[in-house]
Amino acid sequence: MNKLTLFGPPDAPELYELRDFLQRSVVQYDWVDVTDDLSALPASLRQAYATGHRAPAIAFPDGQVVLNPTVQEVAQHLGWISKPSSQDYDLSIYGAGPAGLSAAVYAASEGLRTVLIEREAIGGQAGTSSLIENYMGFPEGIAGAELAERARQQALRFGVDILLLREGIKGTFYNNRIHVDLASGDQLVARANICATCVEYAKLGLPNEAQFFNKGVYYGAGASEAMFCRGRDVLVVGGGNSAGQAASYFAGFARKVYMVIRKGNLAATLSDYLVKRVTTTPNIEILYHVTVQELAGDHVLEGVKLVNSQDGTATWYDTSKLFICIGGKPNTEWARDTAIIRDPNGYLVTGPDLVGRAGFPECWPLARPPYHLETSVPGSFAAGDVRLNSVKRVASAVGEGAMAVTLVHKYLAELDKASA
Ligand SMILES: Cc1cc2nc3c(=O)[nH]c(=O)nc-3n(C[C@H](O)[C@H](O)[C@H](O)COP(=O)(O)OP(=O)(O)OC[C@H]3O[C@@H](n4cnc5c(N)ncnc54)[C@H](O)[C@@H]3O)c2cc1C
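What you are looking at is a predicted structure, and each value in this text was computed from that prediction instead of being measured.

What follows concerns the site of the ligand. Inspection of the region around the ligand gives 34 residues, with Glu118, Asn134, Gln245, Asn331 and Asp385 positioned closest. Residue Gly124 places a main-chain N or O atom 3.4 Å away from an oxygen atom belonging to the ligand. Alone, the ligand offers 1000 Å² of accessible surface; in the complex the protein occludes 96% of this. Counting residues per element, the ones that place at least two in the shell around the ligand are α4 (98-109), β6 (114-118), α6 (241-250) and α8 (394-419).

Structure (structure tokens):
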């Protein structure tokens, strides 16, 4: 496919969502800064930008030009928005991160009629990683988005229905089926489901934080912003692997990267290879015992006030790029009114972890105990980071996705036997 072209002023906040979606979806695009020479622009755009248009525009390879495109419109134009091909699936999977993608590949390859629902871009958290270096089989590492794109193609080859930019918002269980309401108003029905929805990014909790959302404040590693960090000072908040990877990646573009860490060391939260990398990269400075206290700017972020918790000193940093990589909480609101047991933080409780929880075993209708990845509703499974006590790694999410499918087969065989 020919490349798309994105147009806009470099700091237009509306561009972030588009760039992030394209980058995570491994769609190649050119970028034209419309604050430079306008003469090379298509005529319609030349006129718009010359008369003060500030928002982005996109030119598709077929020549169509759209002003102010939404992510939905871009996905639609790329042919990625499809309707469910069936009313009733064997298996519905929510979340197309490593856990959901792996489950989809295994399920469809083993003959289950499978639908995979993803509210944003394919790849989940892993898709935002600039380079995954510890996933087996890729000695040079692999960009998370590329790994996810390979899995997407594999899933499609096996016949998975992938519904992109749709969000499951409410689940109901009856007639041995899960009925899920999507934000779009559609409803999906399946005999079994796997929840692999994982986390909502955590916020700093500062009063004016929302004002700078995508206007200098970004949640997650934001790899698509790298080229706009050239020659600038960048702040990355967090001491985990996502923050370490982001700092290391941005260091290749930025003048200086400051890693803002609440604690006094990195060893407990960061993999050893990343500790070595961030502590030896000359333009990364680690600020220990420091938290973000204030954000400032008119329309976009211009400065960040950091405070050292040990000596109380406060310092303002001039920056228009603050990346917040401090984890998050599980996205399981869809299960709120169901019999699915969640822990106080919202993680889905499965298998042996259900024993001793309030409401269990009263809610459990079967003679057998729940399978290892099964929630407190028979046939409803959880895999990956969303599951209580899971290991937060790509490999374990992939493994749990595959394992959940084996348990789905067992559950469906039970249903078939009972109705025979
Ligand atoms: C920047 C970064 C770098 C990382 N690097 C590494 C690494 O190098 N090695 C490693 O092993 N691990 C790494 N990790 C951790 C790893 O990415 C996660 O453990 C893994 O992605 C978890 O997979 P998952 O499928 O459970 O969830 P996720 O990857 O979070 O995917 C969940 C998906 O569900 C979707 N979703 C949420 N709610 C809904 C809904 N209601 N309906 C539909 N879809 C929904 C989300 O949009 C998301 O795409 C990294 C994480 C980050 C953030």
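Back to the text.
This part takes up the environment of Ala223. The topology assignment puts Ala223 in the loop between β12 (217-219) and β13 (233-237). Relative accessible area serves as the criterion here: at 12%, Ala223 is assigned to the buried category. Considering only alpha carbons, one finds Ala223 and Ala246, 23 residues apart in sequence, at a separation of 7.3 Å. When residues no more than four places from it in sequence are discounted, the contact partners of Ala223 are Gln23, Thr128 and Tyr249.

With that out of the way, let us pick up the state of the cysteines. Evaluated as defined, the whole model comprises 0 disulfides. Among the cysteines around Cys229, which has no disulfide bond, Cys325 carries the closest sulfur, lying 12 Å off. Accessibility expressed as a relative area gives 0% for Cys229, which makes it buried. Of the cysteine sulfurs around Cys363, a residue in no disulfide, the closest is that of Cys195, at 16 Å.

Taking 1.5 Å per residue, 12 residues should reach 16 Å; α4 reaches 16 Å between its end C-alpha atoms and fits that length. Of all 12 residues that make up α4, 10 are buried, and the element is covered over most of its length. All of the buried residues in α4 are Pro98, Ala99, Gly100, Leu101, Ser102, Ala103, Ala104, Val105, Ala107 and Ala108. Contacts made by the buried residues of α4 are with β5 (88-94), β6, α5 (144-157), β10 (187-195) and α8. A positive backbone phi angle near 90° is found at Gly111, which sits one or two residues after α4.

All right, on to the packing of α4 against α8 then. Where α4 meets α8, the axes come as close as 7 Å, and the angle between the chain directions of the two elements is 35°. As for the relative orientation of α4 and α8, their crossing is right-handed in sense. For the pair α4 and α8, the contacting residues are Pro98, Ala99, Ser102, Ala103, Tyr106 and Ala107 in the first and Val394, Ala397, Val398, Gly401, Ala402 and Val405 in the second. For the contact of α4 with α8, the per-class residue count stands at 10 nonpolar, 2 polar and no charged.

Our focus in this paragraph is the sheet that holds strand β16 (residues 290-296). Backbone hydrogen bonds hold the strands of a sheet together, and the pairing may be parallel or antiparallel. If you walk across this open sheet you meet the 3 strands as β16-β17-β18, and the pairing is antiparallel. Where the open sheet ends on each side, the last strands, each with one partner, are β16 and β18 (314-318). Here the average twist between neighbouring strands, direction ignored, is 30°. In this sheet, β18 lies alongside strand β17 (residues 303-308) in antiparallel orientation, the contact comprising 5 bridges. Note on β18: the bridge partner recorded for Lys305 is Trp316.

Each value, and the rule that gives it
- Residues numbered from 1 in each chain as written.
- Predicted model: local features only at pLDDT ≥ 70, side-chain atom pairs only at ≥ 80, totals over all residues.
- Heavy atoms only, no water.
- Near = heavy atom within 4 Å.
- Polar contact = N/O pair within 3.5 Å; in protein donor to acceptor, adjacent residues only side chain to side chain.
- Areas by Shrake-Rupley, 256 points an atom, 1.4 Å probe, with all protein chains shown as cover.
- Helix = DSSP H or I, 4+ residues; strand = E, 2+ residues; numbered from the N terminus.
- Buried < 20%, exposed > 50% of the residue type's maximum accessible area, 1.4 Å probe, protein only.
- Contact = heavy atoms within 4.5 Å.
- Disulfide = S-S within 2.5 Å.
- Expected span 1.5 Å × (residues − 1).
- Axes fitted to C-alpha atoms, helices over the stretch in contact; angles between N-to-C directions.
- Left-handed = near helix turned anticlockwise from the far one by under 90°.
- Nonpolar A, V, L, I, M, F, W, Y, C, P; charged D, E, K, R; others polar.
- Pairing = 2+ DSSP bridges.

Worth remembering: the numbers are spatial, not functional.
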